[in-house]
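The residues making up each chain are set out below.
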Amino acid sequence: MSVFIIPKGQRTKKVLQPKLLYFNRVAFAVLVLLWLAPWGEPSVVYANDADKTESSRGVVKGTVINIDEDSPVSNAAILIEELDRGTVSHRNGDFQFRNVPAGTYLLRVQHVGYDTGYQQITVTAGDTTFVEIGLRRGVIRSADVVVRDHYMRDDETTGVERVLTGRQLRQQLGQTIAETLEDEPGLAQRSMGPAPARPVLRGLGGDRLLILEDGGRTGDLSATAADHALAIEPMTAEHIELIRGPSALVHGSNTLGGVINVIRGQIPMDHPDHIHASGTLQGQSVNNGVAGGLRAFGPISSSLAYRVDGSVRTSGDMNTPEGRLGNTGITTLNASAGVSYIREWGMVGVSGNILDTKYGVPGGIGIADAHPNGVDIEMFRRYAEFRSRVNFGQGFFRRLDTDATYSFYKHDELEKPDFETNRRIVGSSFGVLTTNVKSHLHHNSFGIIDKGLIGIWGEHRDYASGAFSQTPETIEQAFAIYSFQEANPGNWNLQAALRFDHRTIQPQEERLSILIGDIRERSFSGVSASARVAYLWQNRIKTGLTVMRSFRAPGIEELYSEGPHLANFSYEKGNPDLNSESGFGSELFVDANFSRGSIRAAVYRNQMNNFIFPRNTDQRATRRDDLNVYRYSEERVLMTGLELSGNFRIAPSWQVSGSVNAVRGDFIADGDSYPLARFGSSEIAVPMMPPLSGRLNVEWSRNYLALGGTTRFAGAQNRLDEFEERTAGYMLFDAYAQYSITTGSTLHTFTLNVENIANTTYRNHLSRIKEIYPEPGTNVSLLYRFYF
Amino acid sequence: MTSTTVKAVVLMLGFVFAGLFLKACENNPASSTDSEHAPAIGFQLLLGDDVLVEYFQREYLFDPEGNFPEFVHNGEALLLSSENISGDMLRDVRVRWMDRDRVVFDLAEFGEESGGTAGGPGDYELRFEYLLPDGSRDVQPENERPLEFIYDRDSSTWTFDISLIQSGGSEVRINLFHLDHDDLRSVPMPVVVEM
């Protein structure tokens, strides 16, 4: 028997190649593509030519007024949708856009307590266009969370439906993005205690639901495990978008679930004429939580603009109807700064962000015998972004947007000792350095095409884990090229997208593992595509069909995980032989808008080959007999579901709204063809699927005051995978009040929420610790926010 | 090529190289070589230099080299009897550890680095759990245990003794305890005692 003493620091046996080599090749290819791109001659040249600038651009000046009172409306958000440019009205209701290319645009104006206003404008070169926009008091809630795909008036894929002052975001603002979005149709939240919650859309979570920050990758590991938190502080979000359909392919190849884009606007894209600021204070009773934040943007000089924000959040353990859920506190510090240089030809900007979070993952007998006190997680991310926009005017190409981000991410999972005096041991440690570069070349209309873009994207990830985790250090490199096009002939809306992806995953140590198999470099390539056809009937009812083929390469953890993941209470075993995942999704939708409300219905069907997921084997681990082995498996899966939502104004001040969501996931045996849909019971089902759920809301509002009550409900989840626990149905009652008042040029808003009024015990089926701990009990929260 | 296009390309170049610069500036903050934990996946129990029991991948091999056939009960349990142990005490059973590649190593270096002494356990120690021999994994009452593992963590050696108490069966976990947790928590080892 041979005996070796393995010196520490000498266990990495084989470094394959310099990390930057491949990335340099990708970068070079990107540059060559750009140089070879058919730039053509932009019809307008701006640089260093003031006369030509004057002759090609105009100014928009306007006033927002209250039609009923003939008074100015300050702090209204005005957006030129086609240009993705926004501003805010001043105290006297005035606003201004400079350097607007000649053309016809749609202005959208939103303000709390008013119906959203739209106004078409025509900008003449070298002239000033004056516009007066009247708003009327309304009771329909202005939406911060916007499902973009069903709106005919969308801009191209990078455009946003922006809301700067939104009631819904304030009302739903939670500790996490998942909590904030929980009440949206089709959305649920995966959780493991409150901090690491992550949204799940139509039953698809992880990296099948891409979550972006200002359109860029977050650089965190929230998609890979239930205990990993999302590195976005919701308090600093200006608004949140949901993107589905062909436009989602611009952001990723695996977007059957969709894309959630959290807009923070860290790099100013427009030059504000004076300083704008907002501040937030929030407190809640369920965990003695307090949070506060400040945000400001303004001019530095005639060409420079800045934006800064900062926030602090601290909360203790969460109360549930069955007692306090230990080790669920959160402390977060977040700070950002961005600056832009904005000229007639476009802009260039840079920003930086630091996010430092400490949170707990609860333990307890029954879920984590190995860690009855839970695990503390310390997460740190440093994020830098560079962004530019170059306008080409009215020629074939409209503009070029380029974005580069760099993320330094680290998190440690610390074993919580029995006694506070004991030293905490790092159970698992993860580090990811991510560099992303993407460039979108937008074009103007040609032929029947109204607008579109060609894009390229490259990513380099340096992944490492330590402590108990045995996942090898790995370099992951990806490249994609894609195009999105949209046409609107008559009442039709046609969208199409095509994307090619290549990904190489390269462990720095190749070896034959006794535990998981042959750890080696893997490469994956695939094509994804999507198309949508929609028709608008009598300007009220829109019907359509969306189809999508998706492609997904396995992740590093799915391929190479090898060891205990303590905070996830699992022993994870990867599978180096996994294949790429491909899916085919389809959706039929109807969207009807009437004078007193709207109804939206969608049925969808997603089938996936080689659907990869960590499956509980119910076997104990070789190293830790107190942890279950989760083995990454691939199966054929069919998910079908429906969403129904609507709102209806039953009286001038009364509105009723609600939604119902249902989704089911079935395994399809090898050799069987995918059915159109499955009904009835089955022996096993896809794990961690949300049950039937919905909400019903009644709201009274007048002027600056809104009062409402909401019922949230969910059915029992009896469709389970092997070794998965059933959850019972529940019904909860919430109430809220919102009030806003303007003093001088400052808008003050107050939001009072009372959630789970009856202190009902309920369990989230998507919680990893549902067997032991229920969800939060009664929670009273108060949010104050000001804008000027 | 227009000046606008030149600007666009210059910006692209700048971003690509800014990203490369940032990427090249930093090393990954995590590393598989920085673990505080022992990389023990399995272990061997040795008498002298010969392997009495080997544990790896949740499986026990009793007398894998054929040196101690008298210590094997039906091929599935460690047999300790008055006949093969003099004085009802099996002395100086030594532990060595195996990593994920089944390579055997000593744990001394980890003990040194975490404050222990060379050759000794440092922050590490052996711990034993006695479970009922019925597969239930319930703790075996002290008065029903047929044997006892005697281990002195201050002895600076990875050895222990086994004292026979009464006839019967037990299942014993042999754990590598590290400060406040198990770095290795074994599947229970079946043991039969005949007196």
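Per chain, the residues get numbers from 1 upward, laid out in the order the sequence is written. A letter from A marks each chain and a number from 1 marks each ligand, given out in the order of writing. In keeping with the model being predicted, local features are shown solely for residues with a pLDDT of at least 70 and side-chain atom pairs are shown and tallied solely at 80 or more, while totals for entire chains, interfaces and linings include all residues. The side-chain numbers reported here are obtained from all heavy atoms of the structure, hydrogens and water having been left aside.

Here we look at the overall build of chain B
Test applied: A helix here means a DSSP run of H or I that spans at least four residues, while a strand means a run of E at least two residues long, and both kinds are numbered starting from the N terminus. Burial classification: accessible surface area is computed with a 1.4 Å probe over protein chains only, and a residue below 20% of its type maximum counts as buried, one above 50% as exposed, and the rest as partly exposed. Every residue pair with non-hydrogen atoms within 4.5 Å of one another is taken to be in contact. Each accessible area is a Shrake-Rupley estimate made with a 1.4 Å probe; only the visible protein chains count as cover when residues are assessed.
Counting its regular elements, chain B contains two helices and 13 strands. Looking at chain B as a whole, 55% of its 195 residues are labelled buried. Sequence separation of at least 24 residues holds for 58% of the intrachain contacts in chain B that already meet a minimum separation of 6. In the form shown here, chain B has an accessible surface area of approximately 8,000 Å², with 47% of it arising from carbon and sulfur atoms.

Digging into the pairing of strand S3 (residues 77–80) of chain A
All names here are of chain A. Worth spelling out the cut-off: If DSSP finds at least two bridges between two strands, the strands pair.
Burial along S3 is two-sided: the residues Ala77 and Leu79 and Ile78 and Ile80 are all buried. Inspection of the sheet shows S3 paired to strand S4 (residues 85–88) by four bridges, in the antiparallel sense. Pairing of Ile78 across the sheet is with Thr87, part of S4. Pairing analysis gives four bridges linking S3 to strand S6 (residues 103–110), with the strands arranged antiparallel.

Brief notes about the packing of aromatic side chains
Our working rule: By convention, a stacked pair of Phe, Tyr or Trp rings (six-membered ring in the case of Trp) has centres within 6.5 Å and planes under 30 degrees apart, an edge-to-face pair has planes over 60 apart, and any other such pair is tilted. Put simply, a charge is over a ring when the Lys NZ or the Arg CZ is close to the ring centre, within 6 Å, and near the line of the ring normal, within 35 degrees.
According to the stated counting rule, one finds 24 aromatic pairs over all chains in the structure shown. Measuring from centroid to centroid gives 6.4 Å for Phe380 of chain A and Phe408 of chain A, while their planes differ by 75 degrees, and the two rings are edge-to-face. Taken as a pair, Phe380 of chain A in strand S23 (residues 375–391) and Phe408 of chain A in strand S24 (residues 397–415) lie far apart in primary sequence, 28 residues in all. The exposure class of Phe380 of chain A is partly exposed, given its relative accessible area of 27%. Grouping aromatic residues by their ring pairs yields a cluster made of Phe43, Tyr55, Tyr60, Phe62, Trp97 and Trp158 of chain B. Cation over ring: Arg127 of chain B sits above Phe177 of chain B, and NZ or CZ is 3.6 Å from the ring centre.

Section: unusual backbone geometry
The general pattern is negative phi for most residues beyond glycine and trans for most peptide bonds. The backbone of Met688 of chain A shows a phi angle near 55 degrees, a positive value even though the residue is not glycine. With respect to the helices, strands and loops of the structure, Met688 of chain A is situated in the loop between strand S38 (654–668) and strand S39 (693–702).

Here's the deal with the pairing of strand S11 (residues 198–201) of chain A
All names here are of chain A. Of the two faces of S11, the one carrying Arg198 and Val200 and the one carrying Pro199 and Leu201 are both buried. Note: strand S10 (residues 187–190) against S11, four bridges, orientation antiparallel. For Ala188, the partnering residue across the bridge sits in S11 and is Val200.

Concerning the pattern of salt bridges
Rules: We define a salt bridge as a contact between a side-chain nitrogen of Lys or Arg and a carboxyl oxygen of Asp or Glu at a distance within 4 Å.
Taken as a whole and assessed by the stated rule, the structure comprises 44 salt bridges over all chains. Here Glu125 of chain B ties to Arg127 of chain B by a salt bridge, and the two come within 3.6 Å at their closest N and O atoms. Overall, the relative accessible area of 38% leaves Arg127 of chain B in the partly exposed class. Arg185 of chain B is the partner of Glu129 of chain B in a salt bridge, and the nearest nitrogen-oxygen pair spans 2.9 Å. Residue Glu129 of chain B is located in strand S8 (residues 124–131), and its partner Arg185 of chain B is located in strand S12 (residues 181–185); the two are separated by 56 residues in the primary sequence. Glu129 of chain B sits in the partly exposed class, given a relative accessible area of 23%. By relative accessible area, Arg185 of chain B is classed as buried at 15%. Each of Arg202, Arg244, Glu587, Arg600 and Glu643 of chain A takes part in salt bridges that share partners, so that together they form one network.

Re the sheet that holds strand S7 (residues 117–123) of chain A
Residue and element names in this part refer to chain A. Heads up, the condition is: Each axis is a line fitted through C-alpha atoms, and for a helix only the stretch in contact is used; angles between axes span 0 to 180 degrees, taken between their N-to-C directions.
Pairing is antiparallel in the open sheet, where four strands are placed in the order S4-S3-S6-S7. Because the sheet does not close on itself, it has two edges, and the strands there are S4 and S7. Across the sheet, the axes of successive neighbouring strands diverge by a mean angle of 25 degrees, strand direction being ignored.

Concerning the side chain of His178 of chain B
Note the cut-off: Under the rule applied, a polar contact is a pair of N or O atoms within 3.5 Å (in protein, one hydrogen donor and one hydrogen acceptor; residues adjacent in sequence only if both atoms are side-chain atoms).
For His178 of chain B, the position within the fold is in strand S11 (residues 168–178). Here His178 of chain B falls in the buried class, since its relative accessible area comes to 1%. Of note is the side chain of His178 of chain B, whose polar atom sits 3.3 Å from the side chain of Asp183 of chain B. When near neighbours in sequence (up to four residues on either side) are disregarded, His178 of chain B contacts Ile425 of chain A together with Glu36, His37, Asp123, Tyr124 and Asp183 of chain B.

Let's talk about the environment of Thr711 of chain A
Residues and elements named next belong to chain A. Structurally, Thr711 is set in strand S40 (residues 705–714). Sequence separation between Thr711 and Glu755 is 44 residues, and the spatial gap between their C-alpha atoms is 9.8 Å. Once you skip the residues sitting within four places of it in the chain, Thr711 turns out to touch Gly694, Arg695, Leu696, Met731, Leu732 and Phe733.

Brief notes about the side chain of Asn28 of chain B
Its place among the elements puts Asn28 of chain B in the loop between helix H1 (3–25) and strand S1 (42–47). Here Gly431 of chain A takes part through its backbone oxygen, which lies 3.0 Å from a polar atom of the side chain of Asn28 of chain B. Polar contacts involving the side chain of Asn28 of chain B include one to the main-chain carbonyl oxygen of Asp462 of chain A, which spans 2.7 Å. Those residues in contact with Asn28 of chain B, other than ones at most four positions away along the chain, are Gly431, Val432, Leu433, Asp462, Tyr463 and Ala464 of chain A.

Section: the nonpolar core
Put simply, the rule reads: Among buried residues, those of type Ala, Val, Leu, Ile, Met, Phe, Trp, Tyr and Cys that are joined through side-chain atoms within 4.5 Å constitute a nonpolar core.
Counting residues in hydrophobic clusters, the biggest one holds 40 residues, and the most contacted among them are Leu80, Trp97, Phe160 and Met189 of chain B. Apart from the residues within four sequence positions on either side, Met189 of chain B is in contact with Leu45, Val53, Tyr60, Phe62, Leu78, Phe149, Ser170, Glu171, Val172 and Ile174 of chain B. Ile519, Ala553, Ala567 and Tyr571 of chain A belong to the second largest nonpolar core, which has 39 residues in total.

What to know about the environment of Asn697 of chain A
Residues and elements named next belong to chain A. Looking at the element boundaries, Asn697 is found in strand S39. On the accessibility criterion, Asn697 (0% relative accessible area) is buried. The spatial distance from the C-alpha of Asn697 to the C-alpha of Asn647 is 8.9 Å, given a sequence separation of 50 residues. Once residues within four sequence positions are removed from consideration, Asn697 is found in contact with Gln655, Val656, Ser657, Gly709, Thr710 and Tyr736.

Observations regarding the confidence of the model for chain A
When pLDDT drops low, the exact placement of atoms in the prediction is not to be read closely. Residues and elements named next belong to chain A. Defined as follows: Each residue gets a pLDDT score, which is the predictor's confidence in that residue and runs from 0 to 100.
When pLDDT is averaged across chain A, the result is 82; 86% of the residues are at 70 or more. In this model residues 1–54 is a low-confidence stretch, pLDDT under 50, and it forms 111 contacts with partners more than four residues away in sequence or in other chains. Predicted confidence for residues 139–165 stays below pLDDT 50, and this span has 134 contacts to residues more than four positions away or in other chains.

Examining the environment of Ser580 of chain A
Residues and elements named next belong to chain A. Inspection of the secondary structure puts Ser580 in the loop between strand S34 (570–573) and strand S35 (581–594). Accessibility expressed as a relative area gives 24% for Ser580, which makes it partly exposed. For Ser580 and Phe524, which are 56 residues apart along the polypeptide, the C-alpha to C-alpha distance reads 6.8 Å.

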